[in-house]
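As a plain string of letters, each chain reads:
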Amino acid sequence: MDDIEMARPKGLLILFTSFKLLDILDDAAFRHVVNAMRDYVETGSEPEGLEPIEQVAFESQREALDGNIETYRRAITAHREAGQRKPTETKRFLTITKRNQLVFLRNQTKPIAP
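Residues numbered from 1 in each chain as written. Predicted model: local features only at pLDDT ≥ 70, side-chain atom pairs only at ≥ 80, totals over all residues. Heavy atoms only, no water.

Caption draft 1: Quick peek at the nonpolar core. If you look at the biggest cluster of nonpolar residues, it comprises 13 residues, and the most contacted ones within it are Leu25, Val33, Phe58 and Leu65. For this core, the elements supplying multiple residues, two or more each, are helix H3 (27-43) and helix H4 (52-82). Per element, the largest residue contribution to this core is six residues, and it comes from H3. Every residue in contact with Leu65, bar those within four places of it in the chain, is listed here: Leu12, Met37, Tyr40, Val41 and Phe58. (Core = buried A, V, L, I, M, F, W, Y, C linked by side-chain atoms within 4.5 Å. Buried < 20%, exposed > 50% of the residue type's maximum accessible area, 1.4 Å probe, protein only. Helix = DSSP H or I, 4+ residues; strand = E, 2+ residues; numbered from the N terminus. Contact = heavy atoms within 4.5 Å.)

See the structure below:
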């Protein structure tokens, strides 16, 4: 399995709209569901030992949690691809930058306009 497929987000994103359902739970059930969500996002483990209402609340959030995990993995892929410049592109960029610095320095010592 690729390391990107194993990558998990560093945090738990809960949308404000999710609280409409989660707010109907009492404090203990709310804590159980949020901890189950955290474990699911962090490790991929399925929730165990939830009461039926807690399981319903968790399942209502599963699609959003899966979407967050997938978005995180796409971001990792995009950043990885952006960081893989070809050596010739990097060398060309450095050459242009160095040339620009030389022109700037020359213009500082000998201005073009009187």
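Caption draft 2: Examining the packing of H3 against H4 more closely. At a minimum axis distance of 10 Å, the contact between H3 and H4 shows a crossing angle of 30°. Here H3 lies roughly parallel to H4, going by the angle between them. Seen from above, H3 lies across H4 with right-handed handedness. Judged by residue contacts, Ala29, His32, Val33, Ala36, Met37, Tyr40 and Val41 of H3 engage Glu54, Ala57, Phe58, Gln61, Arg62, Leu65, Asp66 and Ile69 from H4. Of the residues that constitute the contact of H3 with H4, the class distribution is 10 nonpolar, two polar and three charged. (Axes fitted to C-alpha atoms, helices over the stretch in contact; angles between N-to-C directions. Parallel < 35°, antiparallel > 145°, perpendicular 65-115°, else oblique. Left-handed = near helix turned anticlockwise from the far one by under 90°. Nonpolar A, V, L, I, M, F, W, Y, C, P; charged D, E, K, R; others polar.)

Caption draft 3: Spotlight on the environment of Ile76. Assignment of secondary structure puts Ile76 in helix H4. A residue is classified by how much of its surface remains accessible, and Ile76, at 22% relative accessible area, is partly exposed. Between the C-alpha atoms of Ile76 and Ala7, which are 69 residues apart in sequence, the distance is 8.5 Å.

Caption draft 4: Structural detail: H4. In this model H4 runs 45 Å from its N-terminal to its C-terminal C-alpha over 31 residues, within 8% of the 45 Å that 1.5 Å per residue would give. At Arg62, H4 is bent by approximately 40°, the largest bend along its length. Taken together, the buried positions of H4 are occupied by Glu54, Ala57, Phe58, Gln61, Arg62, Leu65, Ile69 and Arg73. (Expected span 1.5 Å × (residues − 1). Bend = angle between axes of the 7 residues up to and from the residue.)

Caption draft 5: Layout of a nonpolar patch on the surface. A grouping of Ile24, Ile53 and Val56 is seen on the molecular surface, where their side chains present a nonpolar patch of about 290 Å² in accessible area. Checked against the element boundaries, Ile53 lands in helix H4. On the accessibility criterion, Ile53 (47% relative accessible area) is partly exposed. (Patch = residues over 30% accessible without salt bridge, like charges linked within 9 Å, V, L, I, M, F, W, Y side chains within 5 Å. Areas by Shrake-Rupley, 256 points an atom, 1.4 Å probe, with all protein chains shown as cover. Salt bridge = Lys/Arg side-chain N within 4 Å of Asp/Glu carboxyl O.)

Caption draft 6: Representation of the confidence of the model for the protein within the structure. Of the residues in the protein, 80% reach a pLDDT of 70 or more, and the chain-wide mean stands at 82. Here helix H5 (residues 87-109) stands out as the least confident element of the protein, with mean pLDDT 67; H3 is the most confident, with 95. (pLDDT = per-residue confidence, 0-100.)

Caption draft 7: Summary view of the packing of aromatic side chains. Per the stated rule, a full pass over the model turns up two aromatic pairs. Ring centres of Tyr40 and Phe58 lie 5.6 Å apart, and the angle between their planes is 85°; on these two criteria the pair is classed as edge-to-face. With Tyr40 in helix H3 and Phe58 in helix H4, this pair connects stretches of sequence that are 18 residues apart. (Phe/Tyr/Trp six-rings, centres within 6.5 Å; stacked < 30°, edge-to-face > 60°.)

Caption draft 8: Broad picture of the pattern of salt bridges. Going through the model one piece at a time under the given rule, you end up with three salt bridges. When the shortest N-O distance is used, the salt bridge between Asp39 and Arg38 registers 3.4 Å. A salt bridge links Glu46 to Arg62, with the shortest nitrogen-to-oxygen separation between them at 2.7 Å. Highlighted residues: Glu46 in the loop between H3 and H4 and Arg62 in helix H4, separated in sequence by 16 residues. Its relative accessible area of 16% is what places Arg62 among the buried residues. The network of salt bridges with common partners includes Glu46, Glu59 and Arg62.

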